[in-house]
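# Secondary and tertiary structure notes
For reference, the chains in residue letters:
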Amino acid sequence: MKRISVNPDFWHQGCFQKLSSQAKLLYLYFKTNSRLNIIGIGQFSPYQVALDTGIEVNNLDDVFKRLFREIMFVTENDVLWVWLRNELSEYTSPKIMQGAKKLLATLEIPDEMLDAFLSRYGHLLPSDQSTSTVALTRREVVAIRDNFKCQYCGKDIAEKADMEIDHVVPRAKGGSDAYENLFLSCRRCNQEKLDLPPEKAAVVKPRTKLFGKADALKSLRSSTMLAKYRSVFLSESEGKSESR
Ligand SMILES: [Zn+2]
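If you're wondering where the values come from, they're calculated on a predicted model, not measured in any experiment. (Residues numbered from 1 in each chain as written. Predicted model: local features only at pLDDT ≥ 70, side-chain atom pairs only at ≥ 80, totals over all residues.)

### Observations concerning the overall build of the protein chain
For the protein chain, the count of helices and strands is twelve helices and five strands. If you take every contact in the protein chain between residues at least 6 apart in sequence, the share linking residues at least 24 apart comes to 71%. (Helix = DSSP H or I, 4+ residues; strand = E, 2+ residues; numbered from the N terminus. Contact = placed C-beta atoms within 7 Å.)

As structure tokens, this is what we get:
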């Protein structure tokens, strides 16, 4: 079982003293919650959180804002993702980091949370051959699934700069960020699609077969796929800060 340690100085530390009682309650709620894994990341239902803490679901966002230094919150498709930013600092043994790496590879952590986590703890992750493929972002998973081909014109996409992730059902019309709704598109097709009337633009239908991060990692066991992945995503050393 996971060991939980709450700093006994919690009630007297300056940064916590200033918090509202609701924020203190939420902090302790997440800190002591078994839904968080060893790296301090977990998924919650906002309604369950509201039920458990008595804080109205509509007020949660306001309380989250006060806690942002301690906890990162991302809501995606009605799932509340929570990351206790300081959870790992006390446990950085290689064994824990090995476990962390596995978790990062299989959980569908939202990209912005994954990026924030990696910029803080990425250097502690064990660096073997496969490290580079662990931190797959959503666009990388989509690219691998679609075999680095534009799903509209079939062109092979060889450069990150030519790569767009297209929402088949646009976000503005309620389209989700789930993989089924995301497609690899070359820059030109994505641009042209914007100018087309919707009935013509919808050449591609959302997929029904589910393909996630674990599948993408499996695909990367193929040396052809790994070579494509490396040449597109790892050839430039500009980092991951470009816009998605
Ligand atoms: Zn294209």
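Having seen it, we continue.
### So, the nonpolar core
Residues L67, I71, V82, W83, V142 and L184 are the most contacted members of the largest nonpolar core, which totals 43 residues. Counting contributing residues, this core receives three or more from each of domain 1 (10-133) and domain 2 (138-234). The contact partners of W83, leaving out residues within four places of it in the chain, are G40, I41, I71, M72, M113 and F117. (Core = buried A, V, L, I, M, F, W, Y, C linked by C-beta atoms within 7 Å. Buried ≥ 20, exposed ≤ 12 C-beta atoms within 10 Å, placed from the backbone. Domains from an automatic or database assignment.)

### A closer look at helix α5 (residues 94-106)
Taking 1.5 Å per residue, 13 residues should reach 18 Å; α5 reaches 19 Å between its end C-alpha atoms and fits that length. Those residues of α5 lying buried are A100, K101 and L104. Each buried residue of α5 sits inside an arc of 100° when the element is viewed along its axis, so together they form one side. In this structure, α5 carries K95, Q98 and K102 as exposed residues pointing more than 90 degrees from its buried face. (Expected span 1.5 Å × (residues − 1). Arc of directions from axis to C-beta.)

This is a description of form; function is not addressed.
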